[in-house]
Amino acid sequence: HMDLKPENIMLDRSGNIYLIDFGAALFAGEKLSGYGTKNYASKKQAKTEERADIYFDIYSLGKTMESLLKATDAVQKIIEKCLIDDDAKRYHNIRQIQADFERILRICRMKKGFMVVIAVFCIQNLWNQIQREEKREKEEENNMKFLDAEFVKGFIRMANDGWEQGWHERNGGNLSYRVKPEEVEEVKENFEAREWNPIGTAVPNLAGEYFLVTGSGKYFRNVTIKPEDSICMIELDEKGENYRIVWGLVNGGRPTSELPSHLMNLEVKKLQDERYRVVYHAHTTNVIALTFVLPLEDKVFTRELWEMATECPVVFPSGIGVVPWMVPGGREIAVATSELMKKYDLAIWAHHGMFAAGFDFDLTFGLMHTAEKSAEILVKTLSMQPTKRQTITPDEFRHLAKDFGVTLPEEFLYEK
Ligand code: 13P
Ligand code: ZN
């Protein structure tokens, strides 16, 4: 048996005795598999090189009997009290003896009950701990697999690039990516769908699609070090009115407060060209600065930014739109921005930042970067003197457009 002790000896109501728990039992000659119960097992049982034999059980049986005898100490006391010479000190009637016996029995039962409660509590605790550990391991494994996907890596890299440019103070800015169906398949097994929530607008042309987005209030500077806490993957319902998180934001939270703008822009761009997948909002310092000194007009910003860097008309030939200052985070600004996105890939939010849309992470980041670089040159130029001594002329732009095979709308090539 290898683990004889009072707890492993059970008594039923009819007085039958059962030996239980053969978990440690061995055949004679087998190598010892572990130490029995302290105070019942012999010291030899702790030595793993020993082999099982009957002497281990005989020792434990002795110890078991010894502990049973201790339990009879109380009975011994009752016997002694019956045998006291002095009548006054002896029991006076049978009821008193019966009462003492019942008291002993009660204490025994209580001890047993207490042990059972402790045992159940310990087992439950251990079980919960095992379950928690298993859940944590599974989550970690899921996160690792999800984060291994190329599109997730591209998203994280882009967020970090924006942080390094200085466009994302605190939780400023947000990023979204319309995930391709084959990419959804790649990471689907790691999904754990949560409850549905309203988007705050309707995007029926994106119904049922999946998006990778930054979390509201999350810092871009943390996206590389704790992506599972900073970003999430969402699924839209069949009407394009509700979303649910299927991965990420492990410590709670919701997608960016600019989700209506991101989704409405992505919808407009998708209807234009299925290849559009990325929408990026950044707090680009120099573009913001210009919104305090230039008229808030598409044609002024487009022309000024085109002039400051020769590649600009090639990178954003359709121009750049300007949304006047509005309260961020809602449907109204989303409608205004998506209206401009019908015409442009870039939209400025006066005194706030910029939105860029593109086919992939490189193109979208490059677009934001180019426009902001051009704005920086303009800020520097204006800081030196209020007027330009020379610049690129409308005719030179027309020449450039021809050579580079782009169409530059005449509305931006006005005479100043
Ligand atoms: P979120 O943290 O909700 O994405 O908001 C940041 C921001 O830039 C709002 O315009
Ligand atoms: Zn913002």
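You'll find the structure just up there.
Everything in this summary refers to the structure shown in the same document.

What counts as what
Residues numbered from 1 in each chain as written. Chains lettered and ligands numbered in written order. Predicted model: local features only at pLDDT ≥ 70, side-chain atom pairs only at ≥ 80, totals over all residues. Heavy atoms only, no water. Axes fitted to C-alpha atoms, helices over the stretch in contact; angles between N-to-C directions. Helix = DSSP H or I, 4+ residues; strand = E, 2+ residues; numbered from the N terminus. Parallel < 35°, antiparallel > 145°, perpendicular 65-115°, else oblique. Left-handed = near helix turned anticlockwise from the far one by under 90°. Contact = heavy atoms within 4.5 Å. Nonpolar A, V, L, I, M, F, W, Y, C, P; charged D, E, K, R; others polar. Near = heavy atom within 4 Å. Polar contact = N/O pair within 3.5 Å; in protein donor to acceptor, adjacent residues only side chain to side chain. Areas by Shrake-Rupley, 256 points an atom, 1.4 Å probe, with all protein chains shown as cover.

## Details of the packing of helix α7 (residues 259–272) against helix α11 (residues 331–341)
Link 1 in the chain: Two numbers describe how α7 lies on α11: the axes approach to 8 Å, and their chain directions differ by 25°. Taken together, the axes of α7 and α11 are roughly parallel relative to one another. At the point where α7 passes α11, the crossing takes the right-handed sense. Here P260, S261, M264, N265, V268, K269 and Q272 of α7 come into contact with α11, specifically with R331, I333, A334, V335, T337, S338 and M341.
Link 2 in the chain: Residue composition of the contact of α7 with α11, by class: 7 nonpolar, 5 polar and 2 charged.

## Looking at the site of ligand 1
Link 1 in the chain: All residues in the neighbourhood of ligand 1 are listed as N171, G172, G173, N174, S216, G217, T256, S257, E258, H281, H283 and H352.
Link 2 in the chain: N171 has a polar side-chain atom sitting 2.8 Å from an oxygen atom of ligand 1.
Link 3 in the chain: One nitrogen or oxygen atom from the main chain of G217 is found 2.7 Å from an oxygen atom belonging to ligand 1.
Link 4 in the chain: Protein chains bury 92% of the 310 Å² of accessible surface belonging to ligand 1 in isolation.
Link 5 in the chain: Of the residues belonging to the shell around ligand 1, the class tally is no nonpolar, 11 polar and 1 charged.

## Re unusual backbone geometry
Link 1 in the chain: In this structure, L249 takes a positive phi of about 40° despite not being glycine.
Link 2 in the chain: With respect to the helices and strands, L249 occurs in the loop between β7 (242–248) and α7.
Link 3 in the chain: Of note, the phi angle at H351 is positive, near 60°, even though the residue is not glycine.
Link 4 in the chain: Examined against the element boundaries, H351 turns out to sit in the loop between β10 (346–349) and β11 (353–358).

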